[in-house]
There are 2 protein chains.
Amino acid sequence: MNKQIKFLLPESEIPQTWYNIAADLHQAPPPVLHPGTHQPITHADLAPLFPEAIIAQEVSMERNIAIPEPVREIYKQWRPSPLFRARRLERALDTPARIYYKYEGVSPAGSHKPNSAIAQAYYNKAEGVKLLVTETGAGQWGSSLAMACNFFGLDCKIFMVRVSYNQKPYRRALMETFGATVSASPSHETAVGCAMLAKDPDSTGSLGMAISEAVEVAAQNPDAKYALGSVLNHVLLHQTVIGQEALKQMEMAGDTADVIVACTGGGSNFAGIAFPFLGQVLRGERTGLRVVAVEPSACPSLTRGHYAYDYGDTAHLTPLTKMHTLGSTFVPPGFHAGGLRYHGMAPLVSQVVAEGLAEATTVSQLESFAAGVQFARAEGIVPAPEANHAVAGAIREALRCKEEGISRSILVNVSGHGHFDMQAYTDFMAGKLSNYDYPAEEIAMALAGLPQF
Amino acid sequence: MNKQIKFLLPESEIPQTWYNIAADLHQAPPPVLHPGTHQPITHADLAPLFPEAIIAQEVSMERNIAIPEPVREIYKQWRPSPLFRARRLERALDTPARIYYKYEGVSPAGSHKPNSAIAQAYYNKAEGVKLLVTETGAGQWGSSLAMACNFFGLDCKIFMVRVSYNQKPYRRALMETFGATVSASPSHETAVGCAMLAKDPDSTGSLGMAISEAVEVAAQNPDAKYALGSVLNHVLLHQTVIGQEALKQMEMAGDTADVIVACTGGGSNFAGIAFPFLGQVLRGERTGLRVVAVEPSACPSLTRGHYAYDYGDTAHLTPLTKMHTLGSTFVPPGFHAGGLRYHGMAPLVSQVVAEGLAEATTVSQLESFAAGVQFARAEGIVPAPEANHAVAGAIREALRCKEEGISRSILVNVSGHGHFDMQAYTDFMAGKLSNYDYPAEEIAMALAGLPQF
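For clarity, every value in this text was computed on a predicted model and none was experimentally measured.

Enquirer: Looking at this structure, how should I read the domain arrangement of chain A?
Expert: Accessible area lost upon the coming together of the parts serves often as the stated size of an interface. Residues and elements named next belong to chain A. Split by domain assignment, chain A resolves into domain 1 (20-67 + 113-233) and domain 2 (80-110 + 234-447). Residue-level contacts link 63 residues of domain 1 with 59 residues of domain 2. Between domain 1 and domain 2 the total buried area reaches about 4900 Å² when both faces are included, carbon and sulfur atoms providing 62% of it. Area buried by domain 1 at its contact with domain 2 is led by I21, V231 and N233, which between them contribute 14% of it. Between K168 and D421 there is a salt bridge whose closest N-O contact spans 2.6 Å. Here domain 1 is connected to domain 2 by 28 residue pairs in polar contact (both at pLDDT 80 or more). When residues of the side of domain 1 that touches domain 2 are traced back to their parent elements, those giving at least two are α2 (52-59), α5 (114-126), α6 (140-152), α7 (162-167), α8 (169-177), α9 (191-199) and α10 (207-220).

In structure tokens form, the structure reads like this:
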């Protein structure tokens, strides 16, 4: 067995193409429906929000989609990202498991999000867009898009979920350092925001609300488009550079992944690492792979939601997609993993779970931070609160290996660092964080409001 | 000319040895003196504070000192660090200069400091030490030592300069996440701290004061030793991995450094990048190299201090070294680059400047942050406030190239990222930061108190 702890690929091994799992799925993805007519949406429906190239990717059935050279050029600043063997964590856990982590925190914005932000900014610039409008939860997506817009000379406007806006002032500072304008959502800048604040002046916001505000602004400005940081097919597509690299790096390590673990909010980092491996399974090239999606117990769309058509946003401005959802009106409690506070789940991730290709589990806020601290002390890297869920899932798998006396290979995606989230660690260590009760009543109410077909 | 933007060395190119410039300097470094007797210090004088291996390195005249394999093993997590060509910054400045930056922010603690922290923790562990006590300014050193102690199973106690303790709660959270205990300095935990607080209950602290407190605690505990993050010869030695890698990376880029720029507080990142290049000059292997040390105009030891024997700390517990100093009782104003708030300068850096091998210049707080924002927007990386001084110096050099119509190659050390310093960026963008007047009177008073020989 290889003694190395770091597996680095040369720049030439940055993938030339993104991997589109839709080409390999045995069932075609269910159609996306217009929010008004409930009929399958057309290019024309999406054109006010997205550039043509992105719309084409959203519905593409091609397996491999070329990455434009200017996008690869920027990827080169931090890609291929490193894969590490977590030898010190293995020792701390006294486990026979082989734990590998793909570390996306090396990007300048500190997470996997630039993989799609750079691509989206590129395509929008190429089609003459002047302003990109988006939402952000914890701020990882917002800061990534702010950076990408800057690189391509686009303006950037960001609606940041209010609870994160207050919890994470450093993330906002990063977006503003990159030149973006940031508003706490719900805001008084949009009609939907005003309506939400009229209903609940103290609203902590949600990704669903912030999406509504961003979509409203983008739709009303002919020079602007909308950008989404997760959920949609094209975003997941862009993230597959992660898994494609990890496949080669596991080969470098002389190993194969038995279990892949990633956290799921909208689903993009999960898809990014898992889909290229699942492609091998779907094409019959390998068997015996378990894929585990880890979600927060306070926002458990995959484990407690319905697999049904629902809106992507609170104000019902977005199309309807078939996905695991807790109901578009559900507002998750204000836990620190803001990137996981989304009522729905990427349709492709939902399908993969519904078809039994991946399983899902939940982790509480306290378990996630305990895992993050243990990981930080062993590996030196402080994961983001979102990534702590993945780390907790990997630790569970490693401890199961110990119980069973089996050495499995566990590959976990550490999707970003927690440098802008240290208040959460301070609160955790001071005993000020709590687990949120499962919000059963709120979820039941939101699910009761699901659109009927 | 090479079109690449990133120059990465394989793991095998992590240096096998540290480079000791004392072996190449034409004059032997002046002796270090005992604070009581004013006679050259002995091993026995230093033994209560440092392990034998470190004391040996402090006075070594060997050119190349082997890096222990366990230290290199840990370096492998992030070393060799990348060297980047700042093509987007060059375009933004419209300069004919070729700007390269060595980026040390890729370490898990986010700066160059682990290069020495890992080595110091290793040597202390090897000699049976249980607890390392240190001080930290901005927190880069403290968090690095906290991480390193963790890796080697040592306890870690940190005195953090009070102004930074208040300005940078995220840095403190990082140290605590790594398991260290952190006290604001001056504190009531030490005799020297109590005396300082009696004199000025509102003291913002200084590195000089925090060193006194850490030395006091270490000297009184037989299981404890003291660790310093800059200034001393062995710390500078450990940092030379930076410059040794950069030499090879400039070769990869098919270029030679005409100008090297780094910021100076205690001098360790400056020495780390510059000394291996200066070694070539000292050995007559190259000419035509300019080396520029950039210091904050509010704490200008190299440009406005005396080159004289002085204490390393405020309470005069440390030996006397010949260095550029503003006087050991000088308390710099509370600007945001806490790592540069030191009254003295590394003796070896002082000697190099005194002998004309390097020059020094100052940058104001506002110029440094303006440079940092410009760098962040162009390159995506947000530098630490300390590193902003280096970036400002590099931008000045690049603009000079433009004025003169000359394409020089500028190599700048971006010694760390600013993720834990975002409040400073927020304040800067809100117009809340100011330049500090040159503290002429305070410096004159402190210099008047220099020990006389």
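The rest of the description comes next.
Enquirer: What am I meant to see in the layout of surface pockets here?
Expert: Here the idea is plain: a probe the size of a water molecule rolls over the atoms and shows the empty space left. Residue and element names in this part refer to chain A. If you add up the space inside the largest pocket, you get close to 590 Å³. Of the residues in the lining of the largest pocket, the class split is 23 nonpolar, seven polar and two charged. Domain assignment of the residues forming the lining of the largest pocket places at least three in each of domain 1 (20-67 + 113-233) and domain 2 (80-110 + 234-447).

Enquirer: Got a minute to help me understand the sheet that holds strand β9 (residues 224-226) of chain A in this structure?
Expert: Strands belonging to one sheet form pairs held by backbone hydrogen bonds; the direction of such a pair is parallel or antiparallel. Residue and element names in this part refer to chain A. A sheet is described by the order of its strands in space; here four strands give the open sequence β8-β7-β6-β9, paired in parallel fashion. Since the sheet does not close on itself, it has two edges, and those belong to β8 (181-185) and β9, each with one partner. Along the sheet, successive strands turn relative to each other by an average axial angle of 25°, direction set aside. Pairing geometry for strand β7 (residues 155-161) and β8, over five bridges, is parallel. By the bridge assignment for β8, V161 is matched with S185.

Enquirer: Whenever I open this one, the environment of A:M196 confuses me. Can you help?
Expert: All names here are of chain A. Tracing the backbone through its elements, the reader meets M196 in helix α9. On a C-alpha basis, the gap between M196 and T314 in space is 9.3 Å, while along the polypeptide they are 118 residues apart. The contact partners of M196, leaving out residues within four places of it in the chain, are P186, M209, S212, T314 and A315.

Enquirer: How should the interface of chain B and chain A be read in this particular structure?
Expert: Across the boundary between the two partners, chain B contributes 44 residues, which contact 44 residues of chain A. In this assembly, chain B packs against chain A so that about 3600 Å² is buried in total across both faces, 57% of it on carbon and sulfur atoms. Contact with chain A buries surface across chain B, with B:Q77, B:Y170 and B:T177 losing the most and accounting together for 21% of the total. Between chain B and chain A we count zero salt bridges in total. Breaking the side of chain B that touches chain A down by element, the ones donating at least two residues are α3 (69-75), α6 (140-152), α8 (169-177), α15 (365-379) and α17 (422-429) of chain B. Per-element accounting of the side of chain B that touches chain A gives the leading share, six residues, to α8(B). Taken together, the residues of the side of chain B that touches chain A sort by class into 23 nonpolar, eleven polar and ten charged.

Enquirer: What is the right way to read the relation of the copies chain B and chain A from this model?
Expert: Mapping between the two copies of the chain is achieved by a rotation about an axis and a shift along the axis. Taken as rigid bodies, chain B and chain A are interconverted by a rotation of 180° and an axial shift of 0.0 Å, the fit giving an RMSD of 0.0 Å. Taken together, the turn and the small shift mark the pair as related by a two-fold rotation axis. Relative to the rotation axis, the closest C-alpha in chain B is found at B:H419, a distance of 3.0 Å. Interface residue correspondence from chain B to chain A reaches 100%, placing this contact among same-surface, isologous pairings.

Enquirer: It is not clear to me how the side chain of B:E216 should be interpreted in this structure. Could you clarify?
Expert: All names here are of chain B. Within the fold, E216 resides in helix α10 (residues 207-220). K157 provides the closest opposite charge to the buried, salt-bridge-free E216, at an N-O distance of 11 Å. From its side chain, E216 meets the backbone nitrogen of V192 in a polar contact 2.9 Å long. Beyond its immediate chain neighbours, meaning those up to four positions away, E216 contacts T190, A191, V192 and L317.

Enquirer: I would appreciate a short explanation of α8(A) in the present structure.
Expert: One turn of the α-helix equals 3.6 residues, which is why residues spaced by three or four share an orientation. Residues and elements named next belong to chain A. For α8, the tally of buried residues reaches seven of nine residues, placing the bulk of the element in the interior. Restricting attention to buried positions, one finds in α8 the residues Y170, R171, R172, A173, L174, M175 and T177. G179 sits one or two positions beyond α8 and adopts a positive phi of about 95°.

Enquirer: Please clarify how the environment of B:L278 should be interpreted in this entry.
Expert: All names here are of chain B. Inspection of the secondary structure puts L278 in helix α12 (residues 268-282). A sequence separation of 74 residues divides L278 from V352, and the C-alpha atoms of the two residues are 9.0 Å apart. Setting aside residues up to four positions removed in sequence, L278 forms contacts with I21, L289, V291, V352 and L357.

Definitions and cut-offs
- Residues numbered from 1 in each chain as written.
- Chains lettered and ligands numbered in written order.
- Predicted model: local features only at pLDDT ≥ 70, side-chain atom pairs only at ≥ 80, totals over all residues.
- Heavy atoms only, no water.
- Domains from an automatic or database assignment.
- Contact = heavy atoms within 4.5 Å.
- Buried area = accessible area lost by both parts, 1.4 Å probe.
- Salt bridge = Lys/Arg side-chain N within 4 Å of Asp/Glu carboxyl O.
- Polar contact = N/O pair within 3.5 Å; in protein donor to acceptor, adjacent residues only side chain to side chain.
- Helix = DSSP H or I, 4+ residues; strand = E, 2+ residues; numbered from the N terminus.
- 1 Å grid on protein atoms, 1.4 Å probe; cavity = no way out; pocket = protein on both sides within 12 Å on 5 of 7 lines; lining within 4 Å.
- Points joined across faces, edges and corners; volume = space filled by probe spheres on them.
- Nonpolar A, V, L, I, M, F, W, Y, C, P; charged D, E, K, R; others polar.
- Pairing = 2+ DSSP bridges.
- Axes fitted to C-alpha atoms, helices over the stretch in contact; angles between N-to-C directions.
- Least-squares fit on C-alpha atoms with pLDDT ≥ 70 in both.
- Buried < 20%, exposed > 50% of the residue type's maximum accessible area, 1.4 Å probe, protein only.
- Lys, Arg positive; Asp, Glu negative; His and termini not counted.

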